Structures are given as structure tokens and as C-alpha cells.
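# Summary of structural features
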Amino acid sequence: MRFIPPGLIVALLLVLIVSQLCYAFLRYRRRAYIPILVMTAVGFGLGQFWDFMGLPSFRLGQANLVPGVAFALLLQPLARFVPRPDRQPKEPPREPRPSN
């Protein structure tokens, strides 16, 4: 546990919290949680890159808060383009054989 940086734990918690808030409060026609979670994680990744570039930001521990939330919110409309696995089975279901 001591090898995991605290900023990573804070960032993961912020990604989960912001993705849940986006899922609950942003209205879109077709919503699934996984694409929203992916876009939120990408947004926070861009926020960390913002901090790596040395641009001004508000930090919460080692995690970048304001740019991460801003990028996560800006990327939410792109969540519909994240590919999802089909819920339909690949093969049609087998029909039961008639019993005599």
C-alpha cells in the first residue's frame, strides 16, 4: 500500500464521484455508465496533463481538481461515441427439441 501514491487514490475517487454526478444530473438520450466513466477518466487525465505542463490549477492533494472536472464535463457529450459491447448474443438461441 505504501507504493501507491496518494494522488492516484484521490484521483480515482474523484473520477468515480464526478462520473456518478454526471450520470445522475446530465441529461442525454441514451445513457450508459461505462462511457461516462471513460470520458470522466480521460478528462481527469487531461487535467493531470494540464498540471504537468505547469499551467495554473487548483489542486486537491496531488490530484488536479478544476481542470480535471472542466475537461470531464466538456467531454461528456462524446460519451455516446465510446464503443460498447452488444448485448445481443452472437448466435441465435437454440430451439428446444420436441419431446415425443
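Residues numbered from 1 in each chain as written. Predicted model: local features only at pLDDT ≥ 70, side-chain atom pairs only at ≥ 80, totals over all residues. Heavy atoms only, no water.

## Re the overall build of the protein
The helix and strand tally for the protein stands at three helices and two strands. The order of α-helices and β-strands along the protein, N terminus first, is α-α-β-β-α. Classification of the 100 residues of the protein by burial places 25% in the buried group. For the protein, the share of sequence-separated contacts (at least 6 apart) that also reach a separation of at least 24 residues comes to 57%. In the structure as shown, the protein presents an accessible area of about 8,200 Å², 66% of it carried by carbon and sulfur atoms. (Helix = DSSP H or I, 4+ residues; strand = E, 2+ residues; numbered from the N terminus. Buried < 20%, exposed > 50% of the residue type's maximum accessible area, 1.4 Å probe, protein only. Contact = heavy atoms within 4.5 Å. Areas by Shrake-Rupley, 256 points an atom, 1.4 Å probe, with all protein chains shown as cover.)

## Looking at the packing of helix α2 (residues 33-52) against helix α3 (residues 66-75)
Interhelical geometry of α2 versus α3 gives an angle of 140° and a closest axis separation of 7 Å. As summarised for this structure, α2 and α3 are arranged oblique, according to the angle between their axes. As α2 packs across α3, the resulting crossing turns out to be right-handed. Every residue of α3 that contacts α2 at M39, T40, V42, G43, F44, L46, G47 and W50 is listed here: P67, G68, V69, F71, A72 and L75. Grouping the amino acids of the contact of α2 with α3 by side-chain chemistry returns ten nonpolar, four polar and no charged. (Axes fitted to C-alpha atoms, helices over the stretch in contact; angles between N-to-C directions. Parallel < 35°, antiparallel > 145°, perpendicular 65-115°, else oblique. Left-handed = near helix turned anticlockwise from the far one by under 90°. Nonpolar A, V, L, I, M, F, W, Y, C, P; charged D, E, K, R; others polar.)

## What to know about α3
Every buried residue of α3 is listed here: P67, G68, A72 and L75. Viewed along the axis of α3, the buried residues span an arc of 130°, placing them on a single side of the element. Facing away from the buried surface of α3 by more than 90 degrees, the exposed residues are V66 and L74. In this fold, the buried residues of α3 make contact with α1 (6-25), α2 and β2 (63-64). (Arc of directions from axis to C-beta.)

## What to know about a nonpolar patch on the surface
A cluster of nonpolar residues, I4, L8, I9, L12, L13, L16, I17, L21 and F25, forms a patch on the protein surface that exposes about 850 Å² of accessible area. Mapped onto the secondary structure, I17 falls in helix α1. (Patch = residues over 30% accessible without salt bridge, like charges linked within 9 Å, V, L, I, M, F, W, Y side chains within 5 Å. Salt bridge = Lys/Arg side-chain N within 4 Å of Asp/Glu carboxyl O.)

## A few points about the side chain of S19
Here S19 is to be found in helix α1. Among the polar contacts listed, one links the side chain of S19 to the backbone oxygen of L16, at a separation of 3.0 Å. If near-sequence neighbours (up to four positions away) are discounted, S19 is found in contact with Y33, I36, L37 and T40. (Polar contact = N/O pair within 3.5 Å; in protein donor to acceptor, adjacent residues only side chain to side chain.)

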